[in-house]
Every structure is written in C-alpha cells, then in structure tokens.
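For reference, the chains in residue letters:
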Amino acid sequence: MEKLKGIILSITPYKEKSGIISILYKNKLIEATILNLNSENFSNLKKFSYGEFLLYKGPTKYFKLKSFYPIFELNKAYNDFTSLLVLDFLSEILIKILLIKNDYNENFFLLVFGTIKRIEDESSDKFYNLIFFYNKILVYLGLDPYNMISSYLANYKILSEFDYSIKISRNNFLKLFNIFSNILSNYSGIYLKSYNNIMLL
C-alpha cells in the first residue's frame, strides 16, 4: 500500500464501470485504475480535488485506487460557467504538457494547487489568475514570453510576481491569452481545444 496526497487532474471512464484517474503528486504524475466508479467509496471523486489517496500496486503498470479522502474540493467553481471553462483549460493544458515533460518539482505542484484554490475564491480575479498561471506554464516549458512580446510589455509586467489584489481587463486578458497560445503551439506543437471557449469569455 502507498499513501500520498495529490490533486485529481482527470477521471476517465472505461469499459462498463471502471475508470482511470490521473493524480498530480508533488513531483510526479500517477495513474491509477478504479474497478467500480459507481462504488460509494469513490462517490467523492471530483476533478481538481486535493486529498489523500491510498493506492496499491496491481499486476499492470497502473496503481489501483483503494480509497480517497478529500481535503480540499471545488464547490462554488462548479456552479459558475466562467470557472468551468477555466477548469477545462487547466485540465487540458496540464494533461498535455505532463505527457511530454513530467520532471516537475514541488513548486509546479504548488502553482497548480494555488491556482485551483483561487478559482474557488469568488473575490479573486479569474482572468488574472489564469493568465498568471499560463505564463508560469510557458516558463516551465522553457519558453520566455517576456522576450517574445516586446510590443506588449506594459501588460506583461503585471505577471512578474503574483499580486492577489490585481485585476486585469477582459481585453488585456484575451490579448495575452492569444499571444501565449500562439507561443505554445508554435514552439511546443501543443494545440488546445479549450482555446476557442476561453476566447469567448
């Protein structure tokens, strides 16, 4: 048995009742199978929940999930349309980049967890949170947006260090989001299906 604390990035059903869950641990991505998603033991599984997982090693490459105890869950965010689109973007970009680059450290984990908590906080500016996160992801991939958008430095400077009180206009957010997405696709070959939904915000 192995006990760890992590964040649920995805829950993918397969076959009739089974599923595969992707867990972001502090320094690695773990996938585990669930024999019965409909079991009462797993009724509290929700994407982006943070909690304690009890795993055991099965005969395949995957761990098997025995139990999950939630410590932090999203509630308000799941009732807000904008938050749902943001969460969809977070899920897609994290899964895609961790498939090609999974040597992250605890600071990366803390970035993801902090972003999720701020999405749940209704007083926090979702546009600023998302674009700050996106910038950090590009830096993590070895890209430097600061040197790629010299014509837009005035709006980029607010991303140098997170400030919980900052708010960003919708127009500035969409411009930066579009620039960051172009950088991601041009230099990493990662295209996001959630891009179009975010640009409609």
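The following refers to the structure shown. Since the structure is predicted, the reported quantities are computational estimates derived from the model, not experimental observations.

Some points on the pattern of salt bridges
If you walk through the whole model with that rule in mind, you get one salt bridge. Here K96 and E92 are joined by a salt bridge, their closest N and O atoms 2.9 Å apart. Here E92 and K96 lie together in helix α1 (residues 81-100), a separation of four residues that amounts to about one turn. Judged by relative accessible area, K96 falls into the partly exposed class, the value being 29%. The exposure class assigned to E92 is buried, which follows from its relative accessible area of 13%.

Concerning the side chain of S49
Tracing the backbone through its elements, the reader meets S49 in the loop between β3 (29-34) and β4 (50-57). S49 gets classed as buried once you look at its relative accessible area, which sits at 0%. The contact partners of S49, leaving out residues within four places of it in the chain, are G6, I7, I8, F68, F72 and E73.

A look at the nonpolar core
If you look at the biggest cluster of nonpolar residues, it comprises 50 residues, and the most contacted ones within it are I7, F89, I93, F108 and F173. Elements with a minimum of two residues in this core: β1 (2-14), α1, α2 (106-120), α3 (126-140) and α6 (170-188). Considering every element that reaches this core, the biggest residue donor is α3, with ten residues. Setting aside its immediate chain neighbours within four residues, F173 contacts F127, L130, I131, I168, I198 and L201. Counting residues in each nonpolar core, the second largest holds 15 residues, with I23, Y25, F53 and F63 among its members.

The rules behind these values
Residues numbered from 1 in each chain as written. Predicted model: local features only at pLDDT ≥ 70, side-chain atom pairs only at ≥ 80, totals over all residues. Heavy atoms only, no water. Salt bridge = Lys/Arg side-chain N within 4 Å of Asp/Glu carboxyl O. Helix = DSSP H or I, 4+ residues; strand = E, 2+ residues; numbered from the N terminus. Buried < 20%, exposed > 50% of the residue type's maximum accessible area, 1.4 Å probe, protein only. Contact = heavy atoms within 4.5 Å. Core = buried A, V, L, I, M, F, W, Y, C linked by side-chain atoms within 4.5 Å.

In short, geometric facts, not functional conclusions.
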